Each structure stands twice: as structure tokens, then as C-alpha cells.
Amino acid sequence: MNFNEYPIDSLMYITNRPEIVFTHGKGSWIYDNNGKRYLDFIQGWAVNSLGHCNDGMIEALNSQAKLLINPSPAFYNEPMAKLAGLLTQHSCFDKVFFANSGAEANEGAIKLARKWGKKFKDGAFEIITFDHSFHGRTLATMSASGKPGWDTIYSPQVPGFPKADLNDIASVEKLINAKTVAVMLEPIQGEGGVIPATREFMQQLRELTKKHNLLLIVDEVQSGCGRAGTLFAYQLSGIEPDIMTLGKGIGGGVPLAALLSKVEIAVFEAGDQGGTYNGNPLMTAVGYSVISQLTAPGILEGVRARGEYLRAKLLELSEERGFKGERGEGLLRALLLGKDIGNQIVEKARQMQPDGVLLNAARPNLLRFMPALNVTTEEIDQMLAMLRSVLDSL
Ligand SMILES: *Cc1c(COP(=O)(O)O)cnc(C)c1O
């Protein structure tokens, strides 16, 4: 169908979108209304962990849709229990609450920490978060985020989120007072430009929070579910947080998120937390398929191997073009361009003929890569060849 035939004007404006309509996808490729195909290194914003329209997910959706779609969150259902069991089996956490988006999971984490503070820490409620962090788009998670400008768009903010600097333990220590209940961070800042917290910093944070009886919350909405080459990014630093949130990759593309905690932190009482769609069997059945596939033998080793491959190739490209190197973990990586040409590259890459490539500039001076976790080395080579030809044309 021609672009002008779609009732695009009925959609509320929220951002600038190109004049194409995506119609279908498979694996690392996505197709638009003109039949043009694109090699997808965005994957729904690090969401489609198994690529577009993964067979196992389709099978889970189809078979669950015929069985039960929503009995209400007031009752147990089978996929909800099975997915919770799988997540506790493969993590250091004991309890799981399902949500529908990363922001909602983080709201849950904030509520759980505040509830724990009321119960065990004399009403302490402040959660130390970090500059350039991203935790979602609800009012509380925007307030928790350290994204420039977000303190004023919908002011007044939700109070209680002082900001420290990532990888600077003294900046965290300075903010601790009697009202502090937790420290919350992304083990790898995603939207901030793929900035990993160092292993040393994660260990210092764990030590500091233990010393002051504070909760350590990791927002693994982007870094979790295999993206960093381990099932969860906190596992890279050899520590155990108290609370973790998951989103994006856990659903492989469908709206699913989760809040996990250690048993002694799970202090919600009846009625404290809930939500109409939370833990519905349709989405949790898909999540079960995704996490089962990611934890199958050899899969995460493959993610690490292709992460290393992408790393080496990006470094090669950086040397060749005089860029500033690369950073990241697993298949969440950034190429540091050293100048603000990111958005220009993204535009040209999408408009390439005959095939386009979907890239993202999380910041104007870098490109972020978040391909499907089952991307092949051939597809990585294809992406790099296309990127080189875009760079040649600048
Ligand atoms: C995307 C993201 C969120 C928000 O998730 P939504 O599903 O968009 O609400 C929260 N935290 C991190 C680290 C993210 O990358």
C-alpha cells in the first residue's frame, strides 16, 4: 500500500517517524510497505531477543491463545507459574511479579523499596540513581532517570531520587543519609550511550549498600535476558543484588516485564501491588518460550562469541576511520564516532538501496548496536559492509 493511503494523521504526534510502514519481519530482517527490506540492528529497541517472528514464540502464542488468555491477576495460571520458576532457577532471586513494561516493573521496584523502608528502615524512601540513567516514562521513573531535561518537562517531579555519577563510589556515598533506602542502577546504561558500570564499581556498591543496610536495585530492562552475554548483566560482576527488573528482551517483542527480589525483601501485603494484565498467560507463555530458548545449552556462549566478533570488527572499523573505539558487553555495543554524525548515518543507512539497515544513535556521537541475539556472523559482516558504504558517502 502507498504511504499516503494509511490514516497516519489519526495517530497522535510523539516523535518524527520516516514515511514508511513496516509490514512484516523474520529473524534479522524487516520489510516495509514498498517491499524494501532492512537488516535490523535495532530489533524493536533491544526487544526482539530472538529476532522477528521467532518460531518458538509464534507456537507459544498460538497454542496459549487457544487455551486461556486472561483469567485475571487474582488467580494463578500455568504459564505465569512456569516462567516465575524458570527465572528464579536461573537467577539469585526468589520471588517474581510480572508487569507489562519496563517502566511499570521499575515503578514496582520503587514501591517495593519504599514499602521495605517503611517496614524496616524508619520510613526511609530516597533511592539514589545516576546521571544519564534511563528507567522509563512514568512520572516516578522519569524522576528516577538522569536524562537531561527530564526534570522539567512534566514538573514537578516525584521527589526522592538524588543523582550520583556512574563508576564514582564517593559520589554515591556523599548522598547517603537517614532517608536513603536504596541505590538503583542499570548495570550497563543503555539509552545513556552503552556505558557499563565497572565490575569494581558494582562490587563497591554492593559493599557500601550492605554497610548502610540499603537495597541494591538493578534495572536490567535492557541489559538482561542474554543481551550482555550472560543471562543477567549483574552476573558479570560476581555480586547479588536485592531487586532486579526485566523488560524488553524477556518478551522477545510482546509486552512483558518482571520485578524480582530476594525472599526477605518481598514485603508486599495483599492489595499493595497489582494490575489488570499482570502475569496474563498469553504473554507469560511467550516469555517462557523466550527464556527457555535463551537458557538452552550453548546459546549464551554463542551470544558471547558473536559479541566478541562484533567488538573486534567495530574496533577494526574505528581504526580504519579514525573513530574513538567501542564499548559494551555481549550484543549491546556502541561505536564511538568522536563527532556528532550519528543521526546522519542512521538516516542514510535506512535510505540505502536496494536494502537498508536499521541503526540507532543513542547519542549523536555514537552508534548503538542491539541486534537479535541469534544474529549470524554473516549478518554482522553484511551490516558492516553497508555501514562502510554509508560512511564513504558522507
Ligand atoms: C527501555 C527501558 C526502560 C523502560 O521500559 P519500557 O518498556 O519502555 O517502559 C527502563 N529501563 C531501561 C534500562 C530501559 O532500557
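Conventions and cut-offs
- Residues numbered from 1 in each chain as written.
- Predicted model: local features only at pLDDT ≥ 70, side-chain atom pairs only at ≥ 80, totals over all residues.
- Heavy atoms only, no water.
- Axes fitted to C-alpha atoms, helices over the stretch in contact; angles between N-to-C directions.
- Helix = DSSP H or I, 4+ residues; strand = E, 2+ residues; numbered from the N terminus.
- Parallel < 35°, antiparallel > 145°, perpendicular 65-115°, else oblique.
- Left-handed = near helix turned anticlockwise from the far one by under 90°.
- Contact = heavy atoms within 4.5 Å.
- Nonpolar A, V, L, I, M, F, W, Y, C, P; charged D, E, K, R; others polar.
- Near = heavy atom within 4 Å.
- Polar contact = N/O pair within 3.5 Å; in protein donor to acceptor, adjacent residues only side chain to side chain.
- Areas by Shrake-Rupley, 256 points an atom, 1.4 Å probe, with all protein chains shown as cover.
- Core = buried A, V, L, I, M, F, W, Y, C linked by side-chain atoms within 4.5 Å.
- Buried < 20%, exposed > 50% of the residue type's maximum accessible area, 1.4 Å probe, protein only.
- UniProt positions renumbered as here; feature names shortened; annotations may be inferred.
- Pairing = 2+ DSSP bridges.
- 1 Å grid on protein atoms, 1.4 Å probe; cavity = no way out; pocket = protein on both sides within 12 Å on 5 of 7 lines; lining within 4 Å.
- Points joined across faces, edges and corners; volume = space filled by probe spheres on them.

Focus on the packing of helix 2 (residues 55–67) against helix 8 (residues 281–294)
Relative orientation of the contacting elements helix 2 and helix 8 amounts to 150°, with a least axis distance of 9 Å. Compared by their axis directions, helix 2 and helix 8 come out roughly antiparallel. Crossing geometry of helix 2 relative to helix 8 is assigned as right-handed. Here G56, M57, A60, L61, Q64 and A65 of helix 2 come into contact with helix 8, specifically with P281, L282, A285, V286, S289, V290 and Q293. Here the residues of the contact of helix 2 with helix 8 are counted per class, giving nine nonpolar, four polar and no charged.

Focus: the site of the ligand
All residues in the neighbourhood of the ligand are listed as S101, G102, A103, N106, F134, H135, G136, E186, D219, V221, Q222 and K248. A103 is positioned with one of its backbone polar atoms (N or O) 2.8 Å from an oxygen atom of the ligand. Between the ligand and D219, the relevant distance is 2.8 Å, taken from a nitrogen atom to a side-chain nitrogen or oxygen of the residue. For the ligand, whose free accessible area comes to 380 Å², the fraction covered by protein is 81%. With three residues, the top contributor of residues to the shell around the ligand is helix 4 (residues 102–120).

What to know about the nonpolar core
The biggest cluster of nonpolar side chains holds 76 residues, and the ones touching the most others in it are L185, L359, L367, F369, M383 and L387. With seven residues, the single largest contributor to this core is helix 11 (residues 377–393). Each residue touching M383, except ones within four places of it in the same chain, is listed here: L39, F41, L310, V357, L359 and F369. Judged by nonpolar contacts, the second largest core, of 23 residues, contains A113, W116, A182 and I265.

Brief notes about the UniProt feature "modified residue: N6-(pyridoxal phosphate)lysine" (unreviewed entry) in the chain
The sites that UniProt annotates as "modified residue: N6-(pyridoxal phosphate)lysine" (unreviewed entry) are K248. Looking at the secondary structure, you find K248 in the loop between strand 11 (243–246) and strand 12 (257–261). With near-sequence residues (within four places) excluded, K248 lies in contact with W45, A46, V47, E191, V221, Q222 and L256.

Overview of the sheet that holds strand 3 (residues 37–40)
Read from one edge of the open sheet, four strands run 1-2-3-15, paired in mixed fashion. With partners counted over all chains shown, the strands left at the sheet margins are strand 1 (22–26) and strand 15 (356–358), one partner each. Averaged over all adjacent pairs, the angle separating strand axes in this sheet is 30°, with direction ignored. Of the strand pairs in this sheet, strand 1 and strand 2 (residues 29–32) are connected by four bridges, and their pairing is antiparallel. When the sheet's bridge partners are listed, K26 is paired in strand 2 with W29.

Here's the deal with the layout of surface pockets
Take a probe with the size of a water molecule and roll it over the atoms, and the empty space left behind shows itself. Reported here for the second largest pocket is a volume of approximately 720 Å³. Forming the walls of the second largest pocket are 27 residues, and the residues nearest its centre are Y76, M80, V96, F97 and F98. Elements with a minimum of two residues in the lining of the second largest pocket: helix 3 (78–89), strand 4 (95–99) and strand 12. Of the residues belonging to the lining of the second largest pocket, the class tally is 16 nonpolar, seven polar and four charged.

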